[in-house]
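Structural overview for review
One letter stands for each residue in the lines below.
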Amino acid sequence: MARRSGGFWIYNRTESGDPPYSPPAFTLAAPPLIAPAQYVVYVADHDGTIIGELQGALESVAWRVDGYGTAAMLLAPETVEDTPWLLEYGNRVLIEFDNGLELWGGVIDVPQELATGQVRVQMYQATFMLSWRLTPRHAAYSGYTAGAVISDLVQGAAVGIEAGAPRVSADEPINATFVYEPVLTAVGKARDLDPELHWFVETRSQNGQRVSFVLRLFRGALADRTAQAVLLHGHNLAGTTLLEQGPIVNETIIARGDADLSIDYTGQTSGALEGQNGEIDVVTSAASRQRYDLRQEFVTLADVTETADPGRGFRAAVARSKMLAQPRLRVQGSALNLEPARYRDYGIGSRVAVEMDSPRPIYKELTVIGMEFAPSQGTLSLVFDDGDRMGVV
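Residues numbered from 1 in each chain as written. Predicted model: local features only at pLDDT ≥ 70, side-chain atom pairs only at ≥ 80, totals over all residues. Heavy atoms only, no water.

**So, the overall build of the protein chain**
Here is the rule we go by: Under the scheme used here, helices are H or I runs from DSSP no shorter than 4 residues and strands are E runs no shorter than 2 residues, and both carry numbers assigned from the N terminus. Each residue is assigned to one of three classes by its accessible area relative to the maximum for its type, calculated with a 1.4 Å probe on protein chains only: buried under 20%, partly exposed between the two thresholds, exposed over 50%. By the convention used here, residues are in contact when the closest approach between their heavy atoms is within 4.5 Å.
Within the protein chain one finds 5 helices and 26 strands. Buried positions account for 46% of the 393 residues belonging to the protein chain. When contacts within the protein chain are restricted to residue pairs at least 6 apart in sequence, long-range pairs at least 24 apart make up 67% of them.

**Describing the pattern of salt bridges**
Worth spelling out the cut-off: Any Lys or Arg side-chain nitrogen found within 4 Å of a carboxyl oxygen on Asp or Glu counts as a salt bridge.
The final tally for this structure, using the stated rule, is 9 salt bridges. Among the salt bridges present, the one from Arg-219 reaches Asp-194, with a minimum N-O distance of 3.0 Å. Of this pair, Arg-219 sits in strand E14 (residues 210-219) while Asp-194 sits in the loop between helix H3 (183-192) and strand E13 (197-206), and the two are 25 residues apart along the sequence. Across the pair Arg-342 and Glu-339 runs a salt bridge whose closest N-O atoms are separated by 3.8 Å. Residue classification places Arg-342 among the partly exposed residues on the basis of a relative accessible area of 26%. Looking at Glu-339, the relative accessible area reads 40%, which means it is partly exposed. Look at the salt bridges and you will find they share partners, linking Glu-202, Arg-204 and Arg-216 into a network.

**Focus on the pairing of strand E6 (residues 70-75)**
Along any regular strand the residues' side chains alternate between the sheet's two faces. In plain terms, the rule: Two strands qualify as a pair provided DSSP detects at least 2 bridges between them.
Sheet topology note: the strand E5 (residues 56-64)/E6 ladder contains 5 bridges and is antiparallel. Pairing of Gly-56 across the sheet is with Leu-75, part of E6. Between E5 and E6, which pair antiparallel and follow one another directly, the connecting turn spans 5 residues, one of which, Asp-66, has a positive phi of 60°. Inspection of the sheet shows E6 paired to strand E9 (residues 118-125) by 6 bridges, in the antiparallel sense. Each bridged residue has a counterpart across the sheet, and for Ala-71 the counterpart in E9 is Met-123.

**Topic: the confidence of the model for the protein chain**
The criterion, for reference: A residue's pLDDT is the confidence the predictor assigns to it, expressed on a 0 to 100 scale.
On average, residues of the protein chain score 82 in pLDDT, and 77% of them are at 70 or above. With pLDDT under 50 throughout, residues 1-7 is counted as low confidence; its partners more than four residues away or in other chains account for 12 contacts. Low pLDDT (under 50) marks residues 269-277, which in the prediction has 26 contacts with non-local residues, meaning those over four places away or in another chain.

**Quick look at the sheet that holds strand E11 (residues 161-163)**
To keep things clear, this is the line we draw: Here, axes are lines fitted to C-alpha atoms. For helices the fit covers the stretch in contact, and angles between N-to-C directions go from 0 to 180 degrees.
With mixed pairing, the 3 strands of this open sheet are ordered in space as E11-E14-E13. Since the sheet does not close on itself, it has two edges, and those belong to E11 and E13, each with one partner. Averaged over all adjacent pairs, the angle separating strand axes in this sheet is 30°, with direction ignored. Where E13 and E14 come together, 10 bridges link them in antiparallel fashion. Along E14, the bridge assignment pairs Trp-199 with Leu-217. Against the sheet, helix H2 (residues 146-157) engages E11, E13 and E14, with an angle of about 160° to E14.

**What to know about the environment of Phe-178**
When you line up the elements, Phe-178 lands in strand E12 (residues 174-178). Excluding residues within four positions of it along the chain, Phe-178 makes contact with Thr-135, Pro-136, Arg-137, His-138, Ala-139, Tyr-141, Val-149, Leu-153, Ala-186 and Lys-189.

Shown next, in the form of structure tokens:
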């Protein structure tokens, strides 16, 4: 019999000339653009020795600089009944991904939500453990840089975080005193005196047998990945919006606990980032004032005196002026695991390139200081720092 082409199918022409049978049903199933992420969640004891794995569904995983991120996982109720030792509060956690994302490490802690048919386990990055410890009764630092103070505080907390060699350039020393303060709070106060400094806790896996944590400090970036990681709007960076946000402050007046507030110190300085006025410190950013007009703030450091903490008020004013003199840049969107910026190409502390042509053309080299991954969607939200501005994607 003669054969006739029917486009996507071939049929035999009938002897009677009747129309041929209908072609078989066919549905094209396009492969997903982003492959689902696979991961393994290891659980370790307080010493970091891995004792088992958790089987469940990760809701989200977040990495943060200068603080801690969180992760949440849904488990079957049988996990609580059969392996309760894996869910002990304080157990360490290590999460490995197959899509190139860097390791996530932390601890299991409250709250733990039990509902019909599932258990929700909350996890916190290793930095969270610093909130469990207090500084000594009188932890005084004089003539140390902020990075050295942070390293000593973390080492002294003895929560299993190794104080690695700092990758920061030498800076002016600071003076600080802490009295029975949570170590995490003390670390934050030390960094407030040097806002260009960043710190985070890196997670390491030792042949799948142990999990360990190392403190990292950096200024600017840990690694320049602008050649390997380029985020392109409309390709591997989607749904992008830009937002400049404040507040903008270009004159900071800081009063210590022993200040005489009956004296008017406003307007006593001019010039960029300079001027000490006895009991009250005033710092002005001339460039910001010229551009945005005078914008003032008054801050009281009730627990600081010049006798106990000489120069701390002035350094705090300088730090706030650097941080608030310019608006912060906020960029929102979703990063996909596509070339030329695969997840394996960058991580916390990496400087990456961002290119956009809408709503306005921009090219920025930004440092990643935070990430949040949604396994069900396969997308990664990024937090950027570009030195004098903050950006969030």
